[in-house]
Amino acid sequence: MQEVVVLGVGMHRFGKTGDAIVGGKSVTELCRHAVDMAMKDAGVSWRQVQAVSAASSRFSGGKGWGLNGNDVVEDLGCTGIPVYNLSAGCAAGGNAFNVGYSLVAGGIHDLVLVVGGEVMPKGMIQTSGVEDINDPEYLRQRCVGMPGPAFWATLARRRMFDHGTTEEQMAQVTVKARKCSESNPFARFQKAVSLDEVLASPYVSNPLRLFEICPVSNGAAASVICSKDMARRFTSKPITVATSTVATIGFDDALPRSLAGPVPNGPSFHTEAKAAVMKAFERSGIGPRDIGFTELQDNTCYYELAFPEEWGLCEPGEAERLLEAGETTPTGRMPINPSGGFVSFGEATTAMGVFQIAELTWQLRGQAGGRQVPGAKVGLAQTNGLGGNATAAILKR
Amino acid sequence: MTERNAMTDLSTNTALREPCVPGLFSEDEGPLLHGARCITCSTPYFPRVAHCRNPACAASHIVSCTFGGEGRLWSYSVADFAPPPPHRYDKPFVPYAIGVVDLDSGLRVVGQMVDPVESMRVGARVSLVIEPIHHDEGKAFTSWKFKLLDR
Ligand SMILES: [Zn+2]
């Protein structure tokens, strides 16, 4: 195995169709901006890129939206290099990074571009619209009517029952996240919000409120990765990829993927995310207590409370106390989402796994400005995606 | 007669009740979900599957069975806004709770709750029922739901 490093990263600020940030830009334009920035940051030219690993949301029968890596390559100039389009729902960016990492680690290519970007359809993410009674997603919508955020709300409600978590504590996560976003020039929202403002926002799926759930956004992120040997030509201080992992949901997961499943024997929450992160600890030899900061997939604030406990970053039932003591802020003992997280960016689905790599890189280089984790040495990233997908990555300097 | 009463009449007239999706559930012999169970590892399935999906199962042996009766509310969420199609609902939209219920027979199943959101509590005893989810073309389209037992 070759050691893999991050050479350069780039991002297009996140926004909403028609606003002053992204306007009417296509996903290819957003990606081009992020890719140009990443290549400049890396000091490499397009002709040096040997392969592209792109996060694609064109899955489930072709929804007519989403990134196609071939369009990005055409825009940059067709050099004939291989393009891998990876689909894994919202975990696609993490999957694309993993495939790029694996290609370099395995010695297939020395320098790979990883890119993810999205121009999201308006409103709630809808199903394919195909009325097929063999499609569990169709049955769930037709027979039950379970909007996307209901999954998160079900888990959050259960946590309230198990740990006594309050709605105020969940709102406090958003307050912390939005405070971080003030010093992130790439975040869609860059304004702090008060606890009262969060609690005054309407329920989207009780107990979760509008300000506690990430909206959909347009945005793009890119990273240039290469072998450590090759990196010497470009920089003396590359960021090392300690590991990158992918996992899928376990049979005994607490939440049925479709309509039903067996009652699990004991707690079995978020089995895909936990498996990806545990595998990352195992492969890298870096344990949960060695992690200096974490970028995790906060589609909803609930995850910031549940995940750190499940991965051993803190003790079970301790997350609320750490939050209230300010320990999850960039200067605390267990910094979570110093970038401001999905709650501040909104979700441009396939960009997210790559967005996290960019934030980890900036943090580890000490370039994160007002949201800098002091002395950041090791960072953990994690994504989750529809269909039972998850990824993790650990970066270090 | 008000519109609401007309709907109630439709809902109770069995000739005018129709499952929103055929073959998944029935109510002739009481409310029942039509599923399956692997008799090797006793894993329950709903809807039916062709093969056992338990990776620890030595040999798949699927037989059809039904699930009904009572269970416990493991957790719940709320549809505070109307879900997008293909969901269908009676207008005006009234928010409803969505339960994740552990049936005593070992099946964890998702379903709409009949009772109002404010009456929900995790751990409550519930029973399976078949109830209308929307009305259209003079018919009441039904689905499985759960009803609180102690209310
Ligand atoms: Zn079996």
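Residues numbered from 1 in each chain as written. Chains lettered and ligands numbered in written order. Predicted model: local features only at pLDDT ≥ 70, side-chain atom pairs only at ≥ 80, totals over all residues. Heavy atoms only, no water.

## Considering the overall build of chain B
To be explicit about the condition: By definition, any uninterrupted DSSP run of H or I lasting at least four residues is a helix, any uninterrupted run of E lasting at least two residues is a strand, and each is numbered from the N terminus. Residue burial is assigned from relative accessible area. The probe radius is 1.4 Å, only protein chains are included, and a residue is buried under 20% of its type maximum, exposed over 50%, and partly exposed in between. Contacts between residues were defined by any pair of non-hydrogen atoms, one from each residue, lying within 4.5 Å. In this description, accessible areas are obtained by the Shrake-Rupley approach with a 1.4 Å probe, and a residue is regarded as covered only by the protein chains that are shown. Note on charges: Lys and Arg go in the positive column, Asp and Glu in the negative column, and His and the chain ends are not counted at all. Each charge is placed at NZ for Lys, CZ for Arg, CG for Asp and CD for Glu.
Looking only at helices and strands, chain B has one helix and 10 strands in total. When its helices and strands are written in sequence order, chain B yields α-β-β-β-β-β-β-β-β-β-β. In terms of overall dimensions, chain B has C-alpha extents of about 60 × 35 × 30 Å along its principal axes. Relative to its full complement of 151 residues, chain B shows a buried share of 49%. Taking contacts inside chain B between residues at least 6 apart in sequence as the whole, the part at least 24 apart equals 53%. Accessible surface computed for chain B: about 7,200 Å², of which carbon and sulfur atoms make up 51%. Charge separation in chain B, taken as the distance between the mean sites of 15 positive and 17 negative side-chain charges, equals 6 Å.

## Considerations on unusual backbone geometry
Cis geometry is found at the peptide bond from Phe46(B) to Pro47(B), where omega equals -5°. If you trace the backbone, Pro47(B) turns up in the loop between strand S4 (44-45) and strand S5 (62-67). Omega for the peptide link from Lys91(B) to Pro92(B) comes to 0°, which places this bond in the cis form. One can find Pro92(B) in the loop between strand S6 (70-79) and strand S7 (96-103). The phi angle at Asn337(A) is positive, at roughly 50°, despite the residue not being glycine. The residue Asn337(A) is located in the loop between helix H11 (319-324) and helix H12 (341-345) in this model.

## Focus: the coordination of the zinc ion
Residues and elements named next belong to chain B. Selection rule: Each metal site lists N, O and S donors within 2.8 Å (3.2 Å for Na, K and Ca). With water left out of the atoms, a site can look as if it is missing ligands. Angular criteria define each label, namely tetrahedral for four donors with all angles between 85 and 135 degrees, square planar for four and octahedral for six donors with opposite donors over 155 degrees apart and remaining angles between 65 and 115, and irregular for whatever fails these tests.
Only Cys-38 (SG), Cys-41 (SG), Cys-52 (SG) and Cys-57 (SG) from the protein reach the zinc ion as donors, at distances of 2.3 Å. Relative to the metal, the four donor atoms surrounding the zinc ion lie at angles of 101 to 116°, and the coordination shape comes out tetrahedral. A relative accessible area of 0% means that Cys-38 is categorised as buried. Take Cys-41: its relative accessible area is 23%, and that puts it in the partly exposed class.

## As for the packing of helix H5 (residues 149-163) of chain A against helix H10 (residues 302-310) of chain A
Residue and element names in this part refer to chain A. Worth spelling out the cut-off: Here an axis means a line fitted to C-alpha atoms, over the contact stretch when the element is a helix, while the angle between two N-to-C directions is reported on a 0 to 180 degree scale. Crossing handedness follows the turn of the near helix against the far one: under a right angle anticlockwise gives a left-handed crossing, and clockwise gives a right-handed one. Residues are grouped as follows: nonpolar covers Ala, Val, Leu, Ile, Met, Phe, Trp, Tyr, Cys and Pro; charged covers Asp, Glu, Lys and Arg; every other residue, Gly included, is treated as polar.
One way to put it is that H5 packs onto H10 with a least axis distance of 10 Å and a crossing angle of 65°. The handedness of the crossing between H5 and H10 comes out as left-handed. Contacts between H5 and H10 involve Trp-152, Leu-155, Ala-156, Arg-159 and His-163 on the former and, on the latter, Tyr-302, Tyr-303, Leu-305, Ala-306 and Glu-309. Its residues assigned to classes, the contact of H5 with H10 shows seven nonpolar, one polar and two charged.

## Observations concerning the nonpolar core
Keep this limit in mind: We define the nonpolar core as a collection of buried residues of types Ala, Val, Leu, Ile, Met, Phe, Trp, Tyr and Cys that are connected through side-chain atoms lying within 4.5 Å of one another.
Core analysis: the largest hydrophobic core is formed by 85 residues, its most contacted members being Trp311(A), Ile394(A), Leu33(B), Phe46(B), Val109(B), Trp144(B) and Phe146(B). Of all the elements, H5(A) adds the most residues to this core, at seven residues. Trp311(A) has contacts with Ala273(A), Lys274(A), Val277(A), Met278(A), Phe281(A), Pro288(A), Thr294(A), Leu296(A), Leu380(A) and Gln382(A), leaving out every residue within four places of it along the chain. Of all hydrophobic cores here, the second largest spans 42 residues; its members include Ile239(A), Ala348(A), Met352(A) and Leu360(A).

## Some details on the domain arrangement of chain A
Reports often express the size of an interface as the amount of accessible area lost when the parts come together. All names here are of chain A. Applicable threshold: Domain delimitation in this document rests on an assignment produced automatically or drawn from a domain database. The term buried area denotes the loss of accessible surface (1.4 Å probe radius) that occurs when two parts are joined, taken as the sum for both partners. For salt bridges, the criterion is a side-chain nitrogen of Lys or Arg within 4 Å of an Asp or Glu carboxyl oxygen. Pairing of N or O atoms within 3.5 Å defines a polar contact, subject to two protein rules: one partner must be a possible hydrogen donor and the other a possible acceptor, and residues neighboring in sequence count only if both atoms are side-chain atoms.
Each domain of chain A was delimited in the assignment, giving domain 1 (4-122 + 218-239) and domain 2 (139-212 + 242-396). Here the C-alpha centre of domain 2 lies 23 Å away from the C-alpha centre of domain 1. Contact with domain 1, which involves 42 residues of that partner, is made by 38 residues of domain 2. Counting the surface lost from both domain 1 and domain 2, the interface buries some 3,000 Å², and carbon and sulfur atoms represent 68% of this. Contact with domain 2 buries surface across domain 1, with Phe-14, Cys-90 and Ile-239 losing the most and accounting together for 25% of the total. Viewed at the interface, domain 2 and domain 1 are joined by one salt bridge. In this structure, the salt-bridge partner of Arg-365 is Asp-41, at a minimum N-O distance of 2.9 Å. Across the domain 1-domain 2 interface, the total number found is 10 residue pairs in polar contact (both at pLDDT 80 or more). Breaking the side of domain 1 that touches domain 2 down by element, the ones donating at least two residues are strand S1 (4-15), helix H1 (27-42), helix H3 (92-105), strand S4 (111-118) and strand S7 (218-227). At nine residues, S1 tops the list of elements feeding residues into the side of domain 1 that touches domain 2.

## Some points on the interface of chain B and chain A
What counts here: In this scheme, strands are said to pair when DSSP sees at least two bridges between them.
Between chain B and chain A, the contact holds 41 residues from the first and 37 residues from the second. At the boundary of chain B with chain A, total buried surface from both sides reaches about 3,500 Å², with 66% on carbon and sulfur atoms. Considering only the side of chain B, the residues that lose the most area to chain A are Trp74(B), Pro86(B) and Arg108(B), jointly responsible for 20% of the buried surface there. Where chain B packs against chain A, one counts 17 residue pairs in polar contact (both at pLDDT 80 or more). Mapped onto the side of chain B that touches chain A, the elements with two or more residues apiece are S4, S6, S7, strand S8 (107-113), strand S9 (125-136) and strand S10 (139-148) of chain B. Relative to S8(B), strand S9 (residues 260-262) of chain A runs antiparallel, the two sharing three bridges. By the bridge assignment for S8(B), Ala260(A) is matched with Val109(B).

## Concerning H10(A)
Every α-helix winds through 3.6 residues per turn, so residues three or four apart in the chain are directed the same way. Residues and elements named next belong to chain A. Most of H10 is tucked away: nine of the nine residues are buried. Among all positions of H10, only Tyr-302, Tyr-303, Glu-304, Leu-305, Ala-306, Phe-307, Pro-308, Glu-309 and Glu-310 are buried. Buried positions along H10 lie against H5, helix H6 (167-181), helix H9 (271-284), H11 and strand S11 (378-385). Where H10 ends, the next residue or the one after it, Gly-312, has phi of about 85°, a positive value.

## Quick look at empty space enclosed by the protein
Residue and element names in this part refer to chain A. Where we set the bar: Method remark: on a 1 Å grid restricted to protein atoms, a set of points is classed as a cavity if a 1.4 Å probe fits but cannot get out and as a pocket if it is open with protein on both sides within 12 Å along at least five of seven lines; lining residues have an atom within 4 Å of a point. Grid points are joined across faces, edges and corners, and a volume is the space filled by probe spheres set on the points.
Within this structure, the stated rule accounts for two cavities of 30 Å³ or more. Reported here for the largest cavity is a volume of approximately 60 Å³. Lining the largest cavity, in full, are Gly-94, Phe-97, Ser-244, Gly-353, Gln-356, Ile-357, Ala-381, Thr-383, Thr-391, Ala-392 and Ala-393. Partitioned by chemical class, the residues of the lining of the largest cavity number five nonpolar, six polar and no charged. Here the second largest cavity is characterised by a volume of approximately 30 Å³.

## Thoughts on the confidence of the model for chain A
Where we set the bar: The predictor attaches a confidence to each residue, called pLDDT, with possible values from 0 through 100.
With 96% of its residues at a pLDDT of at least 70, chain A reaches an overall mean of 93. For residues 60-64 of chain A, every residue scores under 50 in pLDDT, and the model assigns this stretch three contacts once sequence neighbours within four places are set aside.

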